[in-house]
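A structural walkthrough
Letter by letter, the chains look like this.
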Amino acid sequence: MSTPRMVKCVKLGRELPGLPRPPYPGELGKRIYENVSQQAWNMWMDQALLIINHYGLSMVDPRATELMMQQAELFFFGEGEAKPEGWAPEGAAEG
């Protein structure tokens with residue numbers, strides 16, 4: 001069994017096992033591969049699902065894909081875990 005590739009995770013601020021391969025093509029995928037841990041990527045998967053469900057996105061729509069790339073950029077290298085506009089946890093009182 002091989003030792004996992006370690007990265008200094010930009011999201012979690014410590015040395016952790018990295019992803020096995022770039023998650024997306026292009027520059028963003030390369031930056032994530034080089035700077036994001038598997039643990040932080042798993043956090044993004046939860047966030048991505050929340051965004052997809054909140055906005056009812058179809059990932060076959062190029063605009064939805066572009067929005068998700070922008071959100072991934074913010075999540076890892078920008079503001080962080082900003083919840084979608086109008087989002088509230090299930091069961092939270094509105095108003």
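If you're wondering where the values come from, they're calculated on a predicted model, not measured in any experiment. (Residues numbered from 1 in each chain as written. Predicted model: local features only at pLDDT ≥ 70, side-chain atom pairs only at ≥ 80, totals over all residues. Heavy atoms only, no water.)

1. Some remarks on the nonpolar core
Counting 16 residues, the largest nonpolar core has Y24, I32, V36, W41, W44 and F76 as the members making the most contacts within it. Within the residue set of this core, elements represented by two or more residues are α1 (26-35), α2 (38-55) and α3 (62-77). Top contributing element to this core by residue count: α2, with five residues. Those residues in contact with W41 that sit more than four places away from it in its chain are L19, P23, Y24, I32, V36 and F76. (Core = buried A, V, L, I, M, F, W, Y, C linked by side-chain atoms within 4.5 Å. Buried < 20%, exposed > 50% of the residue type's maximum accessible area, 1.4 Å probe, protein only. Helix = DSSP H or I, 4+ residues; strand = E, 2+ residues; numbered from the N terminus. Contact = heavy atoms within 4.5 Å.)

2. Describing the environment of K8
Here K8 lies in strand β1 (residues 6-8). K8 gets classed as exposed once you look at its relative accessible area, which sits at 52%. Separated by 26 residues in sequence, K8 and E34 have C-alpha atoms that sit 8.4 Å apart.

3. A few points about the packing of aromatic side chains
Tallied over the entire structure, the rule returns six aromatic pairs. Three or more aromatic residues joined by ring pairs make a cluster, and in this case those are Y24, W41, W44, F75, F76 and F77. Residue placement shows R5 over the ring face of Y33; its charged tip is 3.7 Å from the ring centre. The cationic tip of K11 hangs over the ring face of F75; the distance from NZ or CZ to the ring centre is 4.0 Å. (Phe/Tyr/Trp six-rings, centres within 6.5 Å; stacked < 30°, edge-to-face > 60°. Lys NZ or Arg CZ within 6 Å of the ring centre and 35° of its normal.)

4. Section: α1
Listing the buried residues of α1 in full gives L28, G29 and I32. Axial view of α1: buried residues confined to an arc of 100°, hence all on one face. α1 presents G26 and E27 as exposed residues on the side facing more than 90 degrees away from its buried surface. If you follow the buried residues of α1, they end up packed against α2 and α3. (Arc of directions from axis to C-beta.)

5. Topic: α2
Under the 1.5 Å per step criterion, the end-to-end length of α2 is 26 Å for 18 residues, consistent within 8% with the ideal 26 Å. Within the span of α2, buried status applies to A40, W41, W44, Q47, A48, L50 and I51. On its buried face, α2 sits against α1 and α3. (Expected span 1.5 Å × (residues − 1).)

By themselves these figures say nothing about function.
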